[in-house]
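Descriptive structure summary
One letter stands for each residue in the lines below.
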Amino acid sequence: MKQGSFRGLGTMLDCSRNAVPNLEALKKWIRLTAELGFNTLLLYTEDTYEIPGEPYFGYMRGRYTQQELRELDAYAHARGMTLIPCIQTLAHLYAIKRWPEYWQHFDTEDILLADDERVYLLIEHMFQSLAASFSCRTVHLGMDEAEMIARGRYYSQHGDCDRLQLLLRHLRHVCAIGARYGFRFLIWSDMFFKLATGGQYYDDQMQIDERVREQIPENVELVYWDYYSTQKPHYDGMLRAHQKLKGSTWFAGGLWKWTGYAPHNGYSIEITKAALASCREHGVQDVFFTMWGDDGGECSPFTLLPSLFYASELAKGHADDAAIREAFERRFGIAFDDFMQLDLPGTRNALTDGYRNLDKLLLYNDPFMGMMDKTVRHGEAAQFGVCAERLEALAHLPEWGYLFEALGALCRVLEVKAELGVRVHKAYHSGDRDALRALISDFDEALRRLERFHAVYRAQWMRENKPHGFDVQDIRLGGLMQRLKTCRARLAQYCSGELDRLEELEETRLDFFDGGRRCPTPSFTPWGLIATANIVYNTGMLI
């Protein structure tokens, strides 16, 4: 291992939240990351891999066949890259719960029923498939964010229990099955902390019973994941806590592509600086960077090239900012700061504006119901016009121009739509029908621009992903188009006197974020909460 470098340096691509990268995109990613010095790629597949004998597992989700995975595995191996499967064996398997075939496999929500033989038979089938698809004999088992373990069907069948002991028993059972196929294991560490503290993960003062440490199987290594802090002391404390629990802890940072259509390179770079400095000081040997696709997988992983490159340079021990930026331009043929413009749609024209998903908030904010109206600032639309100009100026780039074209088209939509609902409300409540009448043409213009964004974004998706999953984008963007048409029609009826009032506009607008006191998943808000206060999908219907 070179001085200042890590033994394992990798990325993890989310292949489970609708965007399933196609083989050509994955091969490009393998080539690119290998050239930058990465030697590991984890494919995060909840149900998006083929399991013979389990036809509903990943059905219509773009799952990888065993042949596709073997092809990727060989391609990666030839370039010095290890392909590691990353699956789920406890929580995060909600996609298969829709099928009656698996209803009895679940404890509650998306959590499998521990101590159930049907569950362990399914997990055995998982390992059989992985063994036939990958040459690597390390597998990431997941098991994170299972806070409701033993709170549903398990409780009904067995009553109350020591949930930490149940987690450990389930882990040992899963590992015993996987060991028969020659696997060693990685596991997210958060549940050990959460069950020991009553729900808190990031608690560097927490003490875990020594007996728990002794019960973690020898062939399991913990992965400490953290994507939020820009402060090195935070990581120092958490790494000390982890190394008391298991000495050979891996670290997983985050390159932020999971809030909406736009990346957050600026924020990703800042947290990576702090995290890698701490990892190096504490002797962490294996590091990878997650690239999640929460709530639709809208953002291309290639938009994160600046933070990916920055991470690779930091991992090599290079910390000079100017030198890194110059090296980026030599490698990619585009100035570092130019590529960073892709952050703009999500950061209010300021590359350091944290990780709030403005692009998604204001795109799907309903012009009549206005769930996010309190988020809109005066002059928002004009700012998106400036963003669009900057992005469009880079759409000519031969290799990466399509990324700038798509986000530029999104900004052109927001240039019209960002303040549309606020303007409608203001004109309505002031009784200005002339102003309302004038706004009808803005609805028409927003629709035209939305059609263009849909077209260029679809081209981006099909270039990088399997077609499965774009149906959700069609549903969301198509629903937005139809919603604009409905609002426009009702507005026209009111302006003509056919309607004497618009009931939706008469309700008092409340602040969704309650002045910053209410903020689900820090500053990331999913589509279903943005678009409507009504029920989109009744999860209670599932058994």
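See the structure shown above.
What you see as residue numbers is a count from 1 along each chain, following the sequence as written. At least 70 in pLDDT is required for a residue's local features to be given in this predicted model, at least 80 for side-chain atom pairs to be given and counted, and no such filter applies to totals for whole chains, interfaces and linings, which use all residues. For side-chain calculations, the full set of non-hydrogen atoms in the structure is used, while hydrogens and water are omitted.

Helix and strand definitions follow DSSP, with helices as H or I runs of at least four residues and strands as E runs of at least two, each counted in order from the N terminus. On a plain count of helices and strands, the chain comes out with 21 helices and 10 strands. C-alpha atoms define the radius of gyration, and 2.2 Å times the number of residues to the power 0.38 defines the globule rule. Against the compact-globule benchmark of 24 Å for 543 residues, the chain has a radius of gyration of 24 Å, which places it among compact chains. Across its three principal directions, the C-alpha atoms of the chain cover 75 × 60 × 45 Å. To sort residues, take the accessible area from a 1.4 Å probe on protein chains only and compare it with the maximum for the residue type: under 20% means buried, over 50% means exposed, and anything in between is partly exposed. Counting only residues that meet the buried cut, the chain has 59% of its 543 residues in that class. Using the Shrake-Rupley algorithm and a 1.4 Å probe, accessible areas are obtained, with residue cover drawn only from the displayed protein chains. Split by element, the accessible area of the chain, about 21600 Å² in all, is 49% carbon and sulfur. Here the chain contributes 62 positively and 75 negatively charged side chains, and the mean placements of these two sets differ by 1 Å. Positive: Lys, Arg. Negative: Asp, Glu. His and the chain ends are not part of the count. A single reference atom marks each charge: NZ on Lys, CZ on Arg, CG on Asp, CD on Glu.

Now for the pattern of salt bridges. Put simply, a salt bridge is a Lys or Arg side-chain nitrogen that is within 4 Å of an Asp or Glu carboxyl oxygen. Counting across every chain of the model gives 40 salt bridges. One salt bridge in this structure joins Arg423 and Asp442, with 2.9 Å as the shortest N-O distance. Of this pair, Arg423 sits in helix α17 (residues 420–429) while Asp442 sits in helix α18 (residues 433–464), and the two are 19 residues apart along the sequence. According to the relative accessible area criterion, Arg423 is partly exposed, its value standing at 39%. Here Arg449 makes a salt bridge to Glu445, at a shortest N to O gap of 2.8 Å. In this pair, Arg449 and Glu445 both sit in helix α18, 4 residues apart, roughly one turn of the helix. Three or more residues are tied together by salt bridges with common partners; here these are Glu392, Arg412, Glu415, Glu445, Arg448 and Arg449.

With that out of the way, let us pick up the nonpolar core. Residues enter a nonpolar core if they are buried and are Ala, Val, Leu, Ile, Met, Phe, Trp, Tyr or Cys, with the set joined through side-chain atoms within 4.5 Å. With 188 residues, the main nonpolar core has Phe127, Phe192, Leu363 and Phe404 as its most contacted residues. For this core, the element with the most residues is α18, which contributes 11 residues. Not counting chain neighbours up to four residues away, the residues in contact with Phe404 comprise Ile334, Asp338, Phe339, Leu342, Leu391, Leu394, Ala395 and Leu397. Residues are treated as being in contact if the distance between any of their heavy atoms lies within 4.5 Å.

With that settled, the discussion passes to helix α4 (residues 117–133). To estimate how far a helix should reach, multiply one less than its number of residues by 1.5 Å. The end-to-end C-alpha separation of α4 is 24 Å, in line with the 24 Å expected for 17 residues at 1.5 Å each. Residues of α4 that are buried: Val119, Tyr120, Leu122, Ile123, Glu124, His125, Met126, Phe127, Ser129, Leu130 and Ser133.

Here the focus is the side chain of Glu419. Along the chain, Glu419 falls in the loop between α16 (401–417) and α17. The side chain of Glu419 is buried and forms no salt bridge, while Arg423, the nearest opposite charge, is found at 6.2 Å. In the analysis that follows, any N or O atom pair within 3.5 Å is treated as a polar contact, provided that within protein one partner can donate a hydrogen and the other can accept it, and provided that, for residues neighboring in sequence, both atoms belong to side chains. Reaching out from Glu419, the side chain makes a polar contact with the backbone nitrogen of Ala381 at a distance of 2.8 Å. Excluding residues within four positions of it along the chain, Glu419 makes contact with Val376, Arg377, His378, Gly379, Glu380, Ala381 and Ala382.

A few words on a negative patch on the surface. A cluster of acidic residues, Asp320, Glu326, Glu329 and Asp338, forms a negative patch on the protein surface. Here Asp320 lies in the loop between α11 (305–315) and α12 (321–332). Residue Asp320 is classed as partly exposed on the basis of its relative accessible area, which comes to 48%. Only residues above 30% relative accessible area that lack a salt bridge enter a patch, with like-charged residues linked at up to 9 Å and the nonpolar side chains Val, Leu, Ile, Met, Phe, Trp and Tyr linked at up to 5 Å.

Take the environment of Phe38 next. Structurally, Phe38 is set in the loop between α1 (23–36) and β2 (40–44). As a C-alpha pair, Phe38 and Ala315 span 277 residues in sequence and 9.4 Å in three-dimensional space. Every residue in contact with Phe38, bar those within four places of it in the chain, is listed here: Leu9, Gly10, Thr11, Thr33, Met81, Phe289, Leu308 and Ser312.

Examined against the element boundaries, His425 turns out to sit in helix α17. For His425, the side chain forms a polar contact with the main-chain oxygen of Gly421, separated by 2.8 Å. Beyond its immediate stretch of four places on either side in the chain, His425 contacts Pro367, Phe368, Asp373, Leu505 and Arg509.

Buriedness for pockets is judged along seven lines, at least five of which must meet protein on both sides within 12 Å for an open set on the 1 Å grid over protein atoms alone, while cavities are sets there where a 1.4 Å probe fits but cannot get out, and lining residues have an atom within 4 Å of a point. Grid points are joined across faces, edges and corners, and a volume is the space filled by probe spheres set on the points. Scanning all chains against the criterion turns up 4 cavities of 30 Å³ or more. The space that makes up the largest cavity amounts to roughly 120 Å³. At the level of secondary structure, the elements contributing two or more residues to the lining of the largest cavity comprise β1 (8–14) and α18. Per element, the largest residue contribution to the lining of the largest cavity is 4 residues, and it comes from α18.

Keep in mind these numbers describe shape, not what the thing actually does.
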